[in-house]
Amino acid sequence: MSPSRRAERSGLRLIQGARETAQAAHEVVAARLELARSGRLNLDETALMGMEKLQAVGEGAAEAGRILTAAGDRAARNAADEARLALDAWSRSAADPSGAAAVQAAWLMGGWLRAADAATALTAAMLEAQAAALEPVRRAAVANAKRLKR
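Here the structure is a predicted model, which is why all the values come from computation and not from measurement.

Asker: Explain the overall build of the chain to me, please; I cannot follow it from the model alone.
Answerer: Of regular secondary structure, the chain possesses three helices and zero strands. Starting at the N terminus and walking to the C terminus, you meet the elements of the chain as α-α-α. Radius of gyration (C-alpha) of the chain: 25 Å, far over the 15 Å computed for a compact globule of 150 residues. In terms of principal-axis extent, the alpha carbons of the chain reach across some 85 × 20 × 20 Å. Counting over 150 residues, the chain shows a buried share of 26%.

Asker: Looking at this structure, I do not really get the packing of helix α2 (residues 43-95) against helix α3 (residues 100-149). What am I missing?
Answerer: Between two packed helices, what matters for the description is the angle formed by their axes and the separation of those axes. Axis separation between α2 and α3 bottoms out at 10 Å; the angle between their running directions is 170°. The pairing of α2 with α3 is recorded here as roughly antiparallel in orientation. Classifying every residue of the contact of α2 with α3 gives 24 nonpolar, six polar and eleven charged.

Asker: Mind showing me how you'd approach the layout of surface pockets here?
Answerer: Think of a ball as big as a water molecule: rolled over the atoms, this probe shows where empty space is left. Quantified by volume, the largest pocket comes out at close to 270 Å³. Along its surface, the largest pocket is lined by 15 residues, and Val28, Arg32, Lys53, Ala141 and Asn144 are the ones closest to its centre. For the lining of the largest pocket, the elements supplying multiple residues, two or more each, are α1 (3-37), α2 and α3. Looking at the lining of the largest pocket, the element that brings in the most residues is α2, giving six residues.

Asker: Where do I start with empty space enclosed by the protein in this structure?
Answerer: Inspection of the entire model under this criterion finds one cavity of 30 Å³ or more. Its volume calculated, the largest cavity comes out at about 40 Å³. Residues that form the lining of the largest cavity fall into these classes: three nonpolar, one polar and two charged.

Asker: It is not clear to me how the pattern of salt bridges should be interpreted in this structure. Could you clarify?
Answerer: Side chains that carry opposite charge are capable of pairing whenever their charged atoms lie near each other. Counted according to the given criterion, the structure contains 14 salt bridges. With its nearest N and O atoms 2.8 Å apart, the salt bridge here joins Glu128 to Arg6. Here Glu128, found in helix α3, pairs with Arg6, found in helix α1; they are 122 residues apart in sequence, far enough to count as distant. A salt bridge links Arg37 to Glu34; the shortest N-O distance between them is 2.6 Å. With Arg37 and Glu34 both in helix α1, this residue pair falls three residues apart, about one helical turn. Put simply, Glu20, Glu59, Glu135, Arg138 and Arg139 are held in one network by salt bridges that share partners.

Asker: It is not clear to me how the side chain of Ser93 should be interpreted in this structure. Could you clarify?
Answerer: Tracing the backbone through its elements, the reader meets Ser93 in helix α2. In this structure Ser93 comes out as buried when scored by relative accessible area, which is 7%. Dropping the residues within four chain positions of it, Ser93 is found in contact with Ala100, Val103 and Gln104.

Asker: Just checking my understanding: could you explain α2 for this structure?
Answerer: The periodicity of an α-helix, 3.6 residues per turn, causes residues three or four places apart in sequence to face the same way. Taking 1.5 Å as the rise per residue, α2 with 53 residues should run 78 Å; its terminal C-alpha atoms sit 78 Å apart, in good agreement. Of all the residues in α2, the buried ones are Glu45, Ala56, Gly60, Ala64, Ile67, Ala71, Ala89 and Ser93. Against α1 and α3 lie the buried residues of α2. Where α2 starts, the residue carrying a side-chain oxygen 3.1 Å from the main-chain nitrogen of Asp44 turns out to be Asn42.

Cut-offs used in this document
- Residue numbers run consecutively from 1 along every chain, following the written order of its sequence.
- Residue-level local features of this predicted model are given only where pLDDT is at least 70; pairs of side-chain atoms are given and counted only at 80 or more, and the full residue set underlies all totals for whole chains, interfaces and linings.
- Water and hydrogen atoms were dropped before computing side-chain values, which therefore reflect all heavy atoms in the structure.
- Helix and strand assignments follow DSSP, with helices taken as H or I runs no shorter than four residues and strands as E runs no shorter than two, numbered in order from the N terminus.
- This radius of gyration counts C-alpha atoms alone. The globule rule is 2.2 Å times how many residues there are, raised to the power 0.38.
- Only protein chains enter the accessibility calculation, which uses a 1.4 Å probe; a residue is then buried when its area is under 20% of its type maximum, exposed when over 50%, and partly exposed in between.
- What counts as an axis is a line fitted to C-alpha atoms, over the stretch in contact for a helix, and the angles between N-to-C directions run from 0 to 180 degrees.
- If an angle is under 35 degrees, it is roughly parallel; if it is over 145, roughly antiparallel; if it lies from 65 to 115, roughly perpendicular; otherwise it is oblique.
- Put simply, Ala, Val, Leu, Ile, Met, Phe, Trp, Tyr, Cys and Pro go in the nonpolar bin, Asp, Glu, Lys and Arg in the charged bin, and everything else, Gly too, in the polar bin.
- Every definition here rests on a 1 Å grid over the protein atoms only: cavities are sets of points where a 1.4 Å probe fits but cannot get out, pockets are open sets enclosed by protein on both sides within 12 Å along at least five of seven lines, and lining residues have some atom within 4 Å of a point.
- Grid points are joined across faces, edges and corners, and a volume is the space filled by probe spheres set on the points.
- A carboxyl oxygen of Asp or Glu within 4 Å of a side-chain nitrogen of Lys or Arg is what we treat as a salt bridge.
- We call two residues in contact whenever any of their non-hydrogen atoms come within 4.5 Å of each other.
- The length a helix should cover is 1.5 Å for every residue beyond the first.
- Two N or O atoms count as a polar contact when they lie within 3.5 Å, although within protein this holds only if one can serve as hydrogen donor and the other as acceptor, and sequence-adjacent residues are included solely when both atoms are side-chain atoms.

So, in structure tokens, the structure goes:
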């Protein structure tokens, strides 16, 4: 999948997840406030409030970390590849001074395209990491909202 398509899909997933999380959180807070107001908020429900958040944030952080580590590895490979390509262009320029400008221009234009692709891939990874960090929180909020409706 192209970096542009990955960025688009990840951004949409993030937006949808944020919307669902906000709606579910609103429902959960309203339900728990009603339980507290009516004196029916028990210790089990109170304990869930903190433990679920910690667990969800931990899971989200771990997944976001995995995604960002892979993005960092990809960036390091891209930098090494670019250094190799620059050295190759330099060597070819030195071997043929009359064609040096053409070789350097070709490397430069390719470099701009590679940089744009790398930047788009990094953007996609950042959006994926945000969506991944939110997903366990979203799941817990939606599950709580359903459970508290009963």
